[in-house]
Every structure is written in structure tokens, then in C-alpha cells.
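Residue strings, one per chain:
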Amino acid sequence: PTYYSGVSTSRNLACHSLGLKLGLPAHRERYERFVHRTIRPSWSLRGSTTETTSMCFADGGSTLIVGRWNGTVAVYNQGREASNDDVFHIPSGKSISKIVTTRDSSLVAAIDHQEQCVLMQRSAMSTPPTLKVDGVRAVQFAVQVPLMVCTAKEEHALVYDLNRSEQLVKLSSEDPLLYNSLNEAAIDPTGNLLLSNGVLWDLRCSSNFIYRFDRLSEAFSSTFHPLGNSVLVDGNVWDLRTMTLSHSSPHLLNCIPQFGYSGRYIYCSRHDLDALSSTVEVLHADTLELFATHDLRQRPSSFVVEPAEERKACAIHRSDTAFRYAVVYELSLIHI
């Protein structure tokens, strides 16, 4: 890996100086408003001979698992170069478009560009996968129960029992909007509720959906709010107790929000055509107010935040020769 030296934070220092000159109040109600996050590159895989096409964090951020264009999965520990023992092949041998792990990092799901998902045991990734699912473009794991939800063609949601490695239910919203590029089916931590394409189901009685939320655009994301009792649909926050619109935020439009395990912040990277915007916005989860804006200085094709400590992030960039490589960033807190 290529390591970086410190990066100038002159813009943040200017904000600090301005805050001191203005004599900003220090009482608790306004304290967090003047906490600034900075971002700087830590190390990258630019010197690697194999292109990186997807990535995710594991083991509390100490491990980076990357998917490559040649159909291999490489494991990097603390930035250490992956050895031959840390590189694994998926059965199809195709480029890996998405890779996801469970919260305890015991399972790894890899999706190739032919939309085949393979589920592997983290401790035995060299052995045949425990489950294969065709026609899948996104995967999410439940937190408290061994369930996996897959986003399939025509916006179907497939729910799998990980203990028995079999499909439990297939849900379809029967919506004329058959393809939503930003839609990824989401399951709540308890494994009881599922949200896909703006439609909410209860898996305990999944014959009919519970509610269909209003949508304002053709491409939108829908997921559960990290603080519970709410869902985020097309930039709007809906209260699940009353099924009413509580508030909205333009920062959530045209993006797939990401959350840390703490649920305090929402990370938004906007999609622009086939790539993401070069800026990443951080919102307060409770008020949806803008907390900080990070400029990566390059438009990444993918961006993820390490969810355990929220101290790291990773993005995939393209070099001048269109070679894709991963860059790990460090997130830091600076208090005025």
C-alpha cells in the first residue's frame, strides 16, 4: 500500500479562528454545532497490480476487505499488503461489484458483475460458499437475527435464513417502477420489518405490505433511520408510529445514506450519472442538519464509512489511465 503524509487543514483552521473571534457560546446546546470533522488520506492500493472494484471494513475497522476485477477477494490487515493466504477466489471468477460483511465480520457476501451473490464464512473463505443467489445486486444483513435480504431484479426483495441457507420469502411491491437504481432493500435490526422501493412489510405476516410511502422521484433510496421508529424515503423522514411525514432534507436526495453503529451521523455521497460527487456530507441523525462536508478532491465510484468507530472511510478512485484503486481516509474530530 501507498501511505500518505499529513494534509493541510487550512480551511478548518480558518473556521476555528473565525469561531474564536466571534466568541461562540460554549454551552452544551450549541456545542456539537461547532465540532468539525476533517478527512485526510491514510494509505492506498494505487500501487497494486489488480484493480479494486468494491470494498468494506471488518473487525472494527482494522481490516479492509476488497473485491477485485479478476474475481478475487483480498484481505488487508492494518494496511499490510495482502499475502497469497489473504487472497480468495469466488466461483464465477467475474469482477466483484459489491462486498458486504455481517456486524461481527463472521460472514462475507460478494456480488459479481453478473449479479451472482456468494456467501462465505470469514474463517473459511477458501472453501466452497455456503449459499449462492442469482440475479442479486445488493445485500444487507440483519443485526439481531440470522437473516439476509437481497435486492433482486424488478425490485424483488429476497429474505434468506442464514442458519438453514434457504429462502424464506420473496416480496414484490408490484409497482410499475420496476427499476430503481438507488434502491437497496433494507431490514430493521430486529428482522421484523423490511423496506424496499418505498414499500414497508412486516415479515411476520408478509402476504401484504403495510404501507407504501410517497415518492417524488424515479431514483431514490429507502432505509431505516438509525435511531429507530422512522424510515428515510426519497429525502423524507416518516414516523413509523403514525405513518406521517415528520421532516425532510435536500441532503438525502439522490444518494444512498450510510450510518455508523452509534447512529449519531448520516453520511451522504450523492450519485451523479455513473459516479459519486467528490464531496461527502455528514448530517446529524436526529435533526438532519448539515454537520460537515468532506471534499475528496476526486469523484469516487464507491464510498463506504467504517461503521464501528467512524474513524475511517474508503473510496475507489480512477487514475489517469482509468485504473481503479482504493484509498483509505482517516476521519478526525476537531473541537473549537
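Look up: the structure comes first, before these words.
Note that the structure is a prediction, hence the values are computed from the model and not measured. (Residues numbered from 1 in each chain as written. Predicted model: local features only at pLDDT ≥ 70, side-chain atom pairs only at ≥ 80, totals over all residues. Heavy atoms only, no water.)

Chemist: Looking at this structure, I do not really get the sheet that holds strand S6 (residues 87-89). What am I missing?
Modeler: The strands that make up a sheet pair up through hydrogen bonds in the backbone, lying either parallel or antiparallel. The antiparallel open sheet is built from four strands, whose spatial order is S3-S4-S5-S6. Each having just a single partner strand, strand S3 (52-58) and S6 make up the two edges of the open sheet. With strand direction ignored, the average angle separating the axes of adjacent strands in the sheet is 20 degrees. Two strands pair when backbone bridges link them, and S3 and strand S4 (residues 63-68) are joined in this way by six bridges, in the antiparallel orientation. (Pairing = 2+ DSSP bridges. Helix = DSSP H or I, 4+ residues; strand = E, 2+ residues; numbered from the N terminus. Axes fitted to C-alpha atoms, helices over the stretch in contact; angles between N-to-C directions.)

Chemist: For this particular structure, what's the right way to read the side chain of Ser 42?
Modeler: One can find Ser 42 in strand S2 (residues 35-44). Judged by relative accessible area, Ser 42 falls into the buried class, the value being 12%. Side-chain polar atoms of Ser 42 contact the side chain of Glu 330, separated by 3.4 Å. (Buried < 20%, exposed > 50% of the residue type's maximum accessible area, 1.4 Å probe, protein only. Polar contact = N/O pair within 3.5 Å; in protein donor to acceptor, adjacent residues only side chain to side chain.)

Chemist: What is the right way to look at the packing of aromatic side chains in this model?
Modeler: Working definition: an aromatic ring pair is given by the centre-to-centre distance plus the angle between the planes. Applying the stated rule across the entire model yields five aromatic pairs. On the numbers, 5.0 Å between centres and 65 degrees between planes, the contact of Tyr 211 with Phe 213 is edge-to-face. Residue classification places Tyr 211 among the partly exposed positions, given a relative accessible area of 27%. A centroid spacing of 6.4 Å and a plane angle of 55 degrees characterise the contact between Tyr 211 and Trp 238, whose relative ring orientation is tilted. (Phe/Tyr/Trp six-rings, centres within 6.5 Å; stacked < 30°, edge-to-face > 60°.)

Chemist: Teacher, can you tell me more about unusual backbone geometry here?
Modeler: Leave glycine aside and you will find that most residues have negative phi; peptide bonds, for their part, are mostly trans. One non-glycine residue with positive phi stands out, namely Asn 197, at about 60 degrees. By secondary structure assignment, the location of Asn 197 is in the loop between strand S16 (193-196) and strand S17 (199-202). One non-glycine residue, Asn 229, lies in the positive phi region at around 65 degrees. Topologically, Asn 229 is positioned in the loop between strand S19 (222-224) and strand S20 (230-233). Taking the relative accessible area as the measure of exposure, Asn 229 reaches 44% and is therefore partly exposed.

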